Amino acid sequence: LVWPVMASTISETDIRAIYRQHLGTGAEKYRNVIAGHEPAGIVYSVGAGCRRLREGDRVCVYDASRCGQCGDCRRGYAISCPADSRAAYGWQRDGGMAQYMLAEERDCLLLPE
């Protein structure tokens, strides 16, 4: 999904990375990406594999892209997902402090009207 960001936040994690107080190690390492957790906006464009969301839908994005299949993800603890593909928006992949954002459909929550 691609969408213009309408709102985003800077968390204490972002601030610690910006001021180089905590940068993590290994897979958790900060990767000099665009900051911004839990952004919200209106879907502008969807890819061929999108099934649940459509252009014009209002969405917010979970703070990390995860596998969705491990035990932690299935129990609702996606932030603890151990998959190598897990990447936090604004930490390991670009976040919401930009005009537009690219996100996985599985990471987006449909917002009510």
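Provided above is the structure to which this section pertains.
From a predicted model like this one, the values you see are computed outputs, not experimental measurements.

What counts and what doesn't
Residues numbered from 1 in each chain as written. Predicted model: local features only at pLDDT ≥ 70, side-chain atom pairs only at ≥ 80, totals over all residues. Heavy atoms only, no water. Helix = DSSP H or I, 4+ residues; strand = E, 2+ residues; numbered from the N terminus. Buried < 20%, exposed > 50% of the residue type's maximum accessible area, 1.4 Å probe, protein only. Contact = heavy atoms within 4.5 Å. Areas by Shrake-Rupley, 256 points an atom, 1.4 Å probe, with all protein chains shown as cover. Pairing = 2+ DSSP bridges. Axes fitted to C-alpha atoms, helices over the stretch in contact; angles between N-to-C directions.

Asks: Can you walk me through the overall build of the protein in this structure?
Replies: Of regular secondary structure, the protein possesses two helices and seven strands. Secondary structure elements of the protein occur, N-terminal to C-terminal, as β-α-β-β-β-α-β-β-β. Of all 113 residues assigned to the protein, the portion counted as buried reaches 39%. Put simply, 67% of the contacts in the protein that link residues at least 6 apart link residues at least 24 apart. Counting every atom, the protein has about 6,800 Å² of accessible surface; 52% of that belongs to carbon and sulfur.

Asks: Please clarify how the sheet that holds strand S7 (residues 108–110) should be interpreted in this entry.
Replies: Within a sheet, each strand pairs with its neighbour through backbone hydrogen bonds, oriented either parallel or antiparallel. In spatial order, the strands read S6-S1-S2-S3-S7; together these five strands make up an open sheet with antiparallel pairing. At either margin of the open sheet sits one strand with a lone partner, and together these are strand S6 (100–102) and S7. Ignoring which end each strand starts from, the neighbouring axes of this sheet average 45° apart. Strand direction decides the pairing type here: strand S3 (residues 58–61) and S7, joined by three bridges, are antiparallel. Bridge assignment links Cys60 to a residue of S7, and that residue is Leu109.

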